Amino acid sequence: MMRYLIDRGIDAHLYLFKDELDHFLPENDTWSISIYSTRIHNLECGFPFKDLFSFRYNEFKQFVNFDIVIGCGLSPFYFAMNRLKLDFFIPYGSDLYEIPFRTFSLRSPKHILAEILNSLFLKRQQKNGIKNARINVVLDFAKSYTAALNKLGVKSVKLHIPMVFREQDEFEVLPQVILDRLTSLKDNFVIIQHSRQYWYASLDGANVEDMKYNNLLIRAIKILVEDGHHNVRCIFLEYGPDINRSKALIEELNLNNYFIWLPKMPRKFLMKIISDYAQLGVDQFGGGYFGGTGYEVLACGKPLMNAISISPDKYKEITGIDFPPIINVSTVEEIAAAISYYLATPDKLAILAQKSKNWFDENCGTGLIDTYIKMFKEIKAEKVKELGAQATT
């Protein structure tokens, strides 16, 4: 989002919590991190209970100097602790459906203390921060999101997020260790599912229907191979709680020759792999919609296979935009049949690829950021009006 805003001439900055996961750091998202180094800042906060006793919360008062503040993660908690109002809360998942409702097992005095602090501060203030945000942006097709919003009594704006920025990276080269694993893909029909291996049991309070169900793709590949499609290859990442279960299932079905395993890697590497090696991308077959991996596939101009539970008409009624041009499947048989169809009709796959890129640019990329900028201007005007009202009282 920061890069989209900069391209529109807006003075945007990114602030990172102290406990950000390495996998999602900015340098993993761009080939040109030096261009943005003066706009990326590190906060001292990130561990709520430790921060509580070290009086670090005050650093959030600097954000009163910004016209608009967009937050995710623990931003609602820290803003509530400082009696500040977040302009936009755009959750990534567990910050909405898990943190406000988190529970601890009371196995020891230490756990009892953690639960008291959790209830008095973290859960309560995260809830307060979300409720007090001027706008919550949540496209809540996933049941975990819908349930959390209902529990909080919060309305949301049904809008996509400009979370994937397509860079011109033609001159960058992937690490040799990754290139070596990709050598066997030549002259094959390549499918990539780079979302977490997550299909056995629900984690972090998510609804069981919101898992990735990578196992369905594995079983669909078995059907394709039995039908004589021996030129299919699937890329998986060693990422997620069910890596070993997926590998065991692939072994059980005698499919080792049809799957390429890559290490967890920066998004900038993934985007290049999707663009240069894959004919088809897969996000998930649970949850009713696609997430970040789906955005990445569409941004690279590749067709996306996914399960969407909402009808096209209802989708347009809720979002105001056309239904995404995806391959909408949810069962093993549907997945296998769709892949078989596009194996036989590469011209139709190419048309779908172009539609995918156009839809992404208009509704999730360059076209979408203008919608956000319009909202920013409206919120800024509202805040100026509020300050004026306060000055006259």
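Residues numbered from 1 in each chain as written. Predicted model: local features only at pLDDT ≥ 70, side-chain atom pairs only at ≥ 80, totals over all residues. Heavy atoms only, no water.

## Let's talk about the overall build of the protein chain
In step 1: When its secondary structure is counted, the protein chain shows 15 helices and eleven strands.
In step 2: If one aligns the C-alpha atoms of the protein chain with their principal axes, the spans along those axes are about 75 × 55 × 45 Å.
In step 3: Counting only residues that meet the buried cut, the protein chain has 52% of its 393 residues in that class.
In step 4: Surface summary for the protein chain: the accessible area is close to 19,300 Å², and the carbon and sulfur share equals 53%.
In step 5: Here the protein chain carries 46 positive and 46 negative side-chain charges, and the mean point of each set is 6 Å from the other. (Helix = DSSP H or I, 4+ residues; strand = E, 2+ residues; numbered from the N terminus. Buried < 20%, exposed > 50% of the residue type's maximum accessible area, 1.4 Å probe, protein only. Areas by Shrake-Rupley, 256 points an atom, 1.4 Å probe, with all protein chains shown as cover. Lys, Arg positive; Asp, Glu negative; His and termini not counted. Charge placed at Lys NZ, Arg CZ, Asp CG, Glu CD.)

## Some points on the environment of Val297
In step 1: On the secondary structure map, Val297 appears in helix α11 (residues 292–299).
In step 2: Between the C-alpha atoms of Val297 and Gln168, which are 129 residues apart in sequence, the distance is 16 Å.
In step 3: Setting aside chain neighbours within four positions, we find Val297 in contact with His194, Ile274, Gly281, Lys302, Pro303 and Leu304. (Contact = heavy atoms within 4.5 Å.)

## With respect to the packing of aromatic side chains
In step 1: Under the defined criterion, the tally for this structure stands at 25 aromatic pairs.
In step 2: A centroid spacing of 5.2 Å and a plane angle of 85 degrees characterise the contact between Phe88 and Phe376, whose relative ring orientation is edge-to-face. Taken together, the positions of Phe88 in strand β4 (residues 88–89) and Phe376 in helix α15 (residues 366–391) put the pair 288 residues apart, joining distant regions of the chain.
In step 3: When the centroid spacing of 5.7 Å and the interplanar angle of 75 degrees are considered together, the rings of Phe290 and Tyr295 count as edge-to-face. Across the pair, Tyr295 and Phe290 agree in class, each one buried.
In step 4: Clustering of aromatic rings is evident, with ring pairs tying together Tyr15, Phe17, Tyr57, Phe60, Phe63, Phe66, Phe77, Tyr78 and Phe79.
In step 5: Sitting over the ring of Tyr200, Arg245 keeps its end group 3.8 Å from the ring centre. (Phe/Tyr/Trp six-rings, centres within 6.5 Å; stacked < 30°, edge-to-face > 60°. Lys NZ or Arg CZ within 6 Å of the ring centre and 35° of its normal.)

## Here we look at the packing of α11 against helix α14 (residues 346–363)
In step 1: At a minimum axis distance of 8 Å, the contact between α11 and α14 shows a crossing angle of 115 degrees. Two secondary-structure elements touch here, α11 through Tyr295, Leu298 and Ala299 and α14 through Ser356, Lys357, Trp359 and Phe360.
In step 2: The class makeup of the residues in the contact of α11 with α14 is five nonpolar, one polar and one charged. (Axes fitted to C-alpha atoms, helices over the stretch in contact; angles between N-to-C directions. Nonpolar A, V, L, I, M, F, W, Y, C, P; charged D, E, K, R; others polar.)

## A closer look at the environment of Glu251
In step 1: Along the chain, Glu251 falls in helix α9 (residues 243–252).
In step 2: Glu251 gets classed as exposed once you look at its relative accessible area, which sits at 51%.

## A short note on the sheet that holds β4
In step 1: Overall, parallel pairing links the three strands, which are arranged β3-β4-β5 in an open sheet. This sheet does not close on itself; its edge strands, each paired only once, are β3 (70–71) and β5 (135–136). (Pairing = 2+ DSSP bridges.)

## A short note on helix α8 (residues 214–226)
In step 1: Between its first and last C-alpha, α8 extends 19 Å over 13 residues, near the 18 Å set by a 1.5 Å rise per residue.
In step 2: Of all the positions in α8, only Asn214, Asn215, Leu216, Leu217, Ile218, Ala220, Ile221, Leu224 and Val225 are classed as buried.
In step 3: Here the buried face of α8 lies against β6 (189–193), β7 (232–238), α9, β8 (259–263), β9 (280–282) and α13 (332–344).
In step 4: Two residues or fewer after α8 comes Gly228, characterised by a positive phi angle close to 100 degrees. (Expected span 1.5 Å × (residues − 1).)

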